[in-house]
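Overview (structure and organization)
Here's the letter readout for the chains.
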Amino acid sequence: MKVREIRMQDLKVDAFIDEQVAAIRQAVGDGLAVNALSGGVDSSVVTLLGHRALADRLKTYFIDNGLMREDEPQLIADIFARMEVKVEIINARKQFFAALKGVEDPEIKRDKGITQVFYKDVFAKLVKSCGAKVLLQGTNYTDVEETVAGIKRQHNILAQLGIDTEKAYGYKVIEPIIELRKPAIRCVAKALGLPEEIYSRPPFPGPALAARVIGEVTEERVALIRAATAIVEAELQDCVAFQYMAILHEDKVTGIRDGKRRFGHQIELRCWDSDDAVTAAPTSLPFELLRKIADRLTTELPGVVSVTYNIAAKPPSCIEAV
């Protein structure tokens, strides 16, 4: 399945919105559709496109996989409630952590631990229970490009890999923004009336914090990177960078706690300048700010004894670590 890109300079935002709303209506017909809202700009745009097309015939779910930022499910549900979009939060934490148990390989983590649970176990049941035949999702052009190129498997790439979703999961997948990269999606988000706190949010991976834990994803390790993420995002919220994050490494290193030798956790800080996520350069953050973040991570988080800053560009590095 070949996808053409609509470049930023060629995007006519109002016409694009009208075309996608009409396409969704045609694809769904008189039936129902469901969509997964994660709070990122991609899924948020698809949610509003779907509601503009279908109104109450679109059922919007936030899948609480236990891998999101602190209080994220309710925060996003409340934001969309203010736009008169009802969001049902589905607790699927047990399913995701069970699937991720013992998994360390990044590709298996994304496929077995995220994709299969999300599409086959969680959403297949939701689709069947409400009688829908269509799932709307926020796949973007860069997701397709990186997966097809073999850089890394994005959890939401299906048809482009030859997966027949109707045969595999029991429903058809529609991807309204698959021709756009992130900057263009932000323009559509703003035109749809999404609040700035949504359309200007730094990108957040589909596998959520599982993409920021190197090695096995456990509830304890996710809790640690969730706390680290809160610190990093608080300190860099006024930064104009494209994206920033904390990464939990698998190996422990020697440190000192209470005057004694301790093997402790390593947190890697990443902050990127980029236009489209295809290439990226590490942001030149002030050293004083880096030291402040390191001090907070090592004093506020038990067991963290080392903080590093990634200075390799993409490529050869990638924006996310997993």
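These numbers were taken from a predicted model, which means no experiment stands behind them.

Details of the overall build of the protein
When you go through the protein residue by residue, the secondary structure sums to eleven helices and ten strands. Within the protein, buried positions represent 54% of all 322 residues. Within the protein, contacts between residues separated by at least 24 positions form 74% of all contacts whose residues are at least 6 apart in sequence. Counting every atom, the protein has about 15,200 Å² of accessible surface; 49% of that belongs to carbon and sulfur. In the protein, which carries 43 positive and 46 negative side-chain charges, the distance between the mean positions of the two groups comes to 4 Å.

Some thoughts on the pattern of salt bridges
Overall, the coordinates contain 14 salt bridges when judged by the stated rule. Across the salt bridge formed by Arg93 and Asp64, the nearest N and O atoms sit 3.2 Å from each other. With Arg93 in helix α4 (residues 93-100) and Asp64 in strand β2 (residues 58-64), this pair connects stretches of sequence that are 29 residues apart. By relative accessible area, which is 10% here, Asp64 ends up buried. One salt bridge in this structure joins Arg296 and Glu300, with 2.7 Å as the shortest N-O distance. On the criterion of helical spacing, the pair formed by Arg296 and Glu300 is a turn pair, its members being four residues apart in helix α11 (residues 287-300). Judged by its relative accessible area of 24%, Arg296 falls in the partly exposed class.

Examining helix α2 (residues 41-54)
In this model, α2 (14 residues) spans 20 Å end to end at C-alpha, consistent with the 20 Å of a helix rising 1.5 Å per residue. Most of α2 is tucked away: 13 of the 14 residues are buried. Of the residues one or two after α2, Ala55 is the one with positive phi, at around 55 degrees.

Some remarks on the sheet that holds strand β3 (residues 87-91)
Pairing is parallel in the open sheet, where five strands are placed in the order β3-β2-β1-β4-β5. Strands with a single pairing partner mark the edges of an open sheet, and in this sheet they are β3 and β5 (172-174). Going across the sheet, the axis of each strand differs from the next one's by a mean of 30 degrees, ignoring polarity. When β2 meets β3, the two strands line up parallel, connected through five bridges. Bridge pairing in β3 places Tyr61 opposite Glu88. The sheet contacts of helix α1 (residues 13-28) involve β1 (33-36), β4 (134-136) and β5, and relative to β4 the element is tilted by about 160 degrees.

Points about the confidence of the model for the protein
When pLDDT is averaged along the protein, the result is 89; 92% of the residues meet or exceed 70. Contacts for the low-pLDDT stretch residues 149-157, under 50 throughout, to residues beyond four places or in other chains number 36 contacts.

Re the pairing of β2
In terms of burial, β2 is a largely internal element, six of the seven residues being buried. Relative to β2, β1 runs parallel, the two sharing four bridges. Across the sheet, residue Ala36 finds its bridge partner in β2, namely Tyr61. With α2 bridging β1 and its parallel neighbour β2, the resulting β-α-β unit is right-handed. Read from β2 through helix α3 (residues 72-81) to β3, the crossover connection turns out right-handed.

Looking at the packing of aromatic side chains
Taken as a whole and assessed by the stated rule, the structure comprises zero aromatic pairs. The ring of Phe204 has Arg69 sitting right over it, with the charged end atom 3.9 Å from the ring centre.

Some details on the nonpolar core
Counting residues in each nonpolar core, the largest one holds 88 residues, and the members touching the most others are Val45, Ile63, Leu67, Phe80, Phe123 and Leu180. In terms of residue count, helix α5 (residues 106-130) provides more of this core than any other element does, nine residues in total. Those residues within four positions of Phe80 in sequence are excluded, and the remaining contacts are Leu37, Ser44, Thr47, Leu48, Val85, Val87 and Leu194. Counting residues in each nonpolar core, the second largest holds seven residues, with Phe242, Trp272, Ala277 and Ala280 among its members.

Concerning the pairing of strand β7 (residues 253-257)
When β7 meets strand β8 (residues 260-273), the two strands line up antiparallel, connected through five bridges. Paired with Ile256 across the strands is Arg261, a residue of β8. Here β7 folds back onto β8 in antiparallel fashion, the turn holding two residues, of which Asp258 has a positive phi close to 55 degrees.

Topic: α5
The largest bend along α5 measures about 50 degrees and falls at Val117. Positive phi shows up at Gly131, right after α5, with a value of about 85 degrees.

Definitions and cut-offs
- In every chain, residue numbers begin from 1 and rise along the written sequence.
- Given that this is a predicted model, residues contribute local features only at a pLDDT of at least 70 and side-chain atom pairs are listed and counted only at 80 or more, while totals for whole chains, interfaces and linings are drawn from all residues.
- Derived side-chain values reflect all non-hydrogen atoms in the structure, with water molecules and hydrogen atoms excluded from consideration.
- Only DSSP runs of H or I reaching four residues or more are called helices, and only runs of E reaching two or more are called strands; each is numbered from the N terminus.
- Only protein chains enter the accessibility calculation, which uses a 1.4 Å probe. A residue is then buried if its area is under 20% of the maximum for its type, exposed if over 50%, and partly exposed in between.
- Every residue pair with non-hydrogen atoms within 4.5 Å of one another is taken to be in contact.
- The protein chains shown are the only cover counted for residues, whose accessible areas, like all others here, come from Shrake-Rupley with a 1.4 Å probe.
- When charges are counted, Lys and Arg are positive and Asp and Glu negative, with His and the chain ends excluded.
- Where a charge lies is defined by one atom per residue type, namely NZ (Lys), CZ (Arg), CG (Asp) and CD (Glu).
- Any carboxyl oxygen of Asp or Glu within 4 Å of a side-chain nitrogen of Lys or Arg constitutes a salt bridge here.
- A helix is expected to span 1.5 Å for every residue after the first.
- Any two strands between which DSSP finds at least two bridges are classified as paired.
- Lines are fitted to the C-alpha atoms to define the axes, a helix being fitted only along its stretch in contact, and any angle between axes, read from their N-to-C directions, falls within 0 to 180 degrees.
- For every residue, the predictor assigns a confidence score, pLDDT, that lies between 0 and 100.
- When the strands point away from the viewer and the path from the first strand over the helix to the second turns clockwise, the crossover is right-handed.
- Aromatic rings from Phe, Tyr and Trp, taking only the six-membered ring of Trp, are treated as a pair when their centres fall within 6.5 Å; an angle between ring planes under 30 degrees marks them as stacked, one over 60 as edge-to-face, and anything in between as tilted.
- When the NZ atom of lysine or the CZ atom of arginine is within 6 Å of a ring's centre and also within 35 degrees of its normal, the charge is said to sit over that ring.
- As used in this record, nonpolar core signifies buried Ala, Val, Leu, Ile, Met, Phe, Trp, Tyr and Cys residues forming a set joined through side-chain atoms within 4.5 Å.
- Bend angle per residue: angle between axes fitted to the 7 residues ending at that residue and the 7 residues starting there.

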